[in-house]
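# Structural description and commentary
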Protein chains: 2
Amino acid sequence: MTSAIPLPEGVSEEEFLRLDRQICFSLHAASRAFNGVYRVVLKELGITYPQYLVMLVLWEQGELPVKKLGEYLRLDSGTLSPLLKRLEAAGLVRRERSARDERSVEVRLTEEGTALRERALAVPRRIVSATTFDVDEIRDLRDRLDRLTAALDEAALQDPAAH
Amino acid sequence: MTSAIPLPEGVSEEEFLRLDRQICFSLHAASRAFNGVYRVVLKELGITYPQYLVMLVLWEQGELPVKKLGEYLRLDSGTLSPLLKRLEAAGLVRRERSARDERSVEVRLTEEGTALRERALAVPRRIVSATTFDVDEIRDLRDRLDRLTAALDEAALQDPAAH
DNA sequence: CACCATTTAGTTGTACCCAATTGAATTGTG
DNA sequence: CACAATTCAATTGGGTACAACTAAATGGTG
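Report follows, based on the coordinates. The numbers attached to residues start from 1 for each chain and follow its sequence in the written order. Here every chain gets a letter starting at A, and every ligand a number starting at 1, in the order they are written. Reporting of local features is limited, given that this is a predicted model, to residues whose pLDDT is at least 70; pairs of side-chain atoms are given and counted only at 80 or more, and all residues count toward the totals for whole chains, interfaces and linings. As a rule here, side-chain values cover all heavy atoms of the structure and leave hydrogens and water aside.

## Describing the relation of the copies chain B and chain A
Applicable threshold: The atoms used to superpose the copies are C-alpha atoms, taken from residues with pLDDT of at least 70 in both, and the fit is least squares. Whether two residues touch is decided by their heavy atoms; if any such pair falls within 4.5 Å, the residues are in contact.
Overlaying chain B with chain A gives an RMSD of 0.1 Å, the required rotation being 180 degrees about an axis along which the chain moves by 0.1 Å. What the rotation and shift describe, once combined, is the action of a two-fold rotation axis. The rotation axis passes nearest to the C-alpha of S31 of chain B in chain B, at a distance of 3.3 Å. Both copies share a contact surface, since 100% of the interface residues of chain B are interface residues in chain A too.

## Remarks on the sheet that holds strand β2 (residues 93-97) of chain B
Residues and elements named next belong to chain B. Inclusion rule: One requirement defines pairing of two strands: DSSP has to find at least two bridges between them. Each helix is a run of H or I in the DSSP string that is no shorter than four residues. Each strand is a run of E no shorter than two, and both are numbered from the N terminus. Working convention: axes come from line fits to C-alpha atoms, limited for helices to the stretch in contact. Angles between N-to-C directions cover 0 to 180 degrees.
The sheet built from three strands is open, its strands ordered β1-β3-β2 with antiparallel pairing. Of all the strands in the sheet, the pair left with one neighbour each is β1 (64-65) and β2. Bridge count between β1 and strand β3 (residues 105-109): two bridges; the pairing is antiparallel. For P65, the partnering residue across the bridge sits in β3 and is E106. Its contacts with the sheet put helix α4 (residues 77-89) on β2 and β3, and the angle it makes with β2 is roughly 120 degrees.

## Thoughts on the sheet that holds strand β2 (residues 93-97) of chain A
Sheet strands pair by backbone hydrogen bonding; their relative direction is either parallel or antiparallel. Residues and elements named next belong to chain A. Taking strand neighbours across the sheet as the criterion, the three strands line up as β1-β3-β2 in an open arrangement whose pairing is antiparallel. In this open sheet, the two edge strands, each paired with only one partner strand, are β1 (64-65) and β2. Relative to strand β3 (residues 105-109), β2 is paired through five bridges, and the arrangement is antiparallel. When the bridges of β3 are listed, R97 appears paired with V105. The sheet strands contacting helix α4 (residues 77-89) are β2 and β3, and the helix crosses β2 at an angle near 120 degrees.

## Details of the protein's contact with DNA strand C
Operational definition: Only heavy atoms are used to decide nearness, and a residue is near a molecule or strand if one of them lies within 4 Å of it. Under this definition, polar contacts are N or O atom pairs within 3.5 Å; protein pairs additionally need one hydrogen-donor-capable and one acceptor-capable atom, and for neighbouring residues in sequence, both atoms have to be side-chain atoms. Here the nonpolar group is Ala, Val, Leu, Ile, Met, Phe, Trp, Tyr, Cys and Pro; Asp, Glu, Lys and Arg are the charged ones; every other residue, Gly included, is treated as polar.
In the vicinity of DNA strand C, 28 residues are found, and the nearest of them are T48 and R86 of chain A together with K67, S77 and K85 of chain B. Protein-proximal atoms of DNA strand C, defined as those within 4 Å of the protein, fall in sugar or phosphate at a share of 79%. A distance of 3.1 Å separates a phosphate oxygen of DNA strand C from a polar side-chain atom of S81 of chain B. Here K85 of chain B contributes a side-chain N or O atom positioned 2.8 Å from a phosphate oxygen of DNA strand C. Among the secondary structure elements, those contributing two or more residues to the surface near DNA strand C are α2 (49-61) and α4 of chain A together with α1 (13-42), α3 (66-73), α4 and β2 of chain B. Here the surface near DNA strand C is built from residues that sort into six nonpolar, nine polar and 13 charged.

## With respect to the packing of aromatic side chains
For clarity, the threshold we go by: Any two of the Phe, Tyr and Trp rings considered here, Trp counted by its six-membered ring, make a pair once their centres fall within 6.5 Å; the pair's planes then place it as stacked at under 30 degrees, edge-to-face at over 60, or tilted in between. Burial classification: accessible surface area is computed with a 1.4 Å probe over protein chains only, and a residue below 20% of its type maximum counts as buried, one above 50% as exposed, and the rest as partly exposed.
According to the stated counting rule, one finds six aromatic pairs over all chains in the structure shown. Arranged with centres 4.4 Å apart and planes meeting at 20 degrees, the rings of Y38 of chain A and Y49 of chain A form a pair that is stacked. Residue Y38 of chain A is located in helix α1 (residues 13-42), and its partner Y49 of chain A is located in helix α2; the two are separated by eleven residues in the primary sequence. Given a relative accessible area of 6%, Y49 of chain A falls into the buried group. Here the aromatic rings of Y38 of chain B and Y52 of chain B are separated by 5.6 Å at their centres, their planes lie at 40 degrees, and the arrangement is tilted.

## Considering the interface of chain B and chain A
By a widely used convention, the size of an interface equals the accessible area lost when the partners come together. Here is the rule we go by: Accessible area, probed at 1.4 Å, shrinks when two parts are joined; the buried area is that loss added up over both. The rule for a salt bridge is simple: a side-chain nitrogen of Lys or Arg has to be within 4 Å of a carboxyl oxygen of Asp or Glu.
Across the boundary between the two partners, chain B contributes 72 residues, which contact 73 residues of chain A. Of the roughly 7500 Å² buried where chain B meets chain A, counting both sides, 67% is carbon and sulfur surface. By the criterion of area lost to chain A, the three top residues of chain B are R21, R125 and L152 of chain B, representing 8% of everything that side buries. Inspection of the chain B/chain A interface yields four salt bridges. Close ionic contact of R147 of chain B with E137 of chain A constitutes a salt bridge, the shortest N to O distance being 3.2 Å. At the junction of chain B with chain A, the criterion picks out eleven residue pairs in polar contact (both at pLDDT 80 or more). Contributions of two or more residues to the side of chain B that touches chain A are made by α1, α2 (49-61), α3, α6 (123-131) and α7 (135-162) of chain B. The element that contributes the greatest number of residues to the side of chain B that touches chain A is α1 of chain B, accounting for 24 residues. Here the residues of the side of chain B that touches chain A are counted per class, giving 42 nonpolar, nine polar and 21 charged.

## Quick notes on the pattern of salt bridges
Counting across every chain of the model gives 26 salt bridges over all chains. Between D140 of chain A and R144 of chain B there is a salt bridge, with its nearest N and O atoms 2.8 Å apart. Of this pair, D140 of chain A sits in helix α7 (residues 135-162) while R144 of chain B sits in helix α7, placing the two residues on different chains. Judged by its relative accessible area of 27%, D140 of chain A is partly exposed. The buried category is assigned to R144 of chain B, whose relative accessible area is 18%. D153 of chain B is the partner of R74 of chain B in a salt bridge, and the nearest nitrogen-oxygen pair spans 3.1 Å. Placement of the pair is R74 of chain B in the loop between α3 and α4 and D153 of chain B in helix α7, with a sequence separation of 79 residues. Judged by its relative accessible area of 53%, R74 of chain B falls in the exposed class. For D153 of chain B, a relative accessible area of 25% corresponds to the partly exposed category.

Any functional reading would require information that these geometric values do not contain.
In structure tokens, the structure reads:
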């Protein structure tokens, strides 16, 4: 059984090409544009955007193992390990092997890492403001993107088999 | 003169934090999810998603200099140079210094590169289908993302001065 | 013609991102 | 208890992405 194809029959291959190109370009561009604004805003904090995402989770959750961090952010250890080392080198976090489970590494904030939160408080307002979107538009866009992500993740799992 | 802040006064800092987190995370996730689907679909063509974007432009435009390619894709030479070398190593493109202007490098398709288009024709349909979005939804999302990108690009230019 | 700013690719260094592998620790089963 | 399967972090390798820099070529301007 193939997955549902919600597109009308009468759409030409050229039309698909245009649509595909447009949506991918737009998404790619938006992602990089966001990154660009974050680069500017976070430069004064001395961290990158993915590092900021990690800090957000730590500020919210306190300490937690690399595994959990990866689940929250959907990143694997190949991405997180070097990133966390850089955060440790910057003095913002500490990494310690768990006593209970020697396989696990606990990531926790240092004094400095905790203190950084104060300076980071102004970031979201600046970012949201930079979008020129109002609260409802942002929520709406977020919902659409989440729906898109769910569909794509689903397809990535099923497609290799469907070929 | 500061840029317009379209947000109501009564929104708390915590609310901004949530919004910021959600929209950034969702965009990040969507971008990577798209990349994941492309990875799966393009594996049989032996190219990556950014390489596919380059091929799309070449299939459409014929030959063109690295500079123009970068303008179309919003990528600089630091990204394009190694990418194009890989496409050349794969036998899909050739790079030749322009006779008119020795600074410029023309990128053109090989026989093999041109031939690949046939096998790539099925890609857009599969990608669009994977989104489960219909044509209107895609166009609408594209428009929102483009609006977002324009606003963010604008902000990235002005923000350093605004501090 | 000589000088200088500009244009264009390429290189280097830093940082993500993912696939695949490694190695240590833990858990489940007989 | 022994041993296989699993879990978890780290590492390695290939591929973007961008900033800063280099180097060659071009195009004025005096």
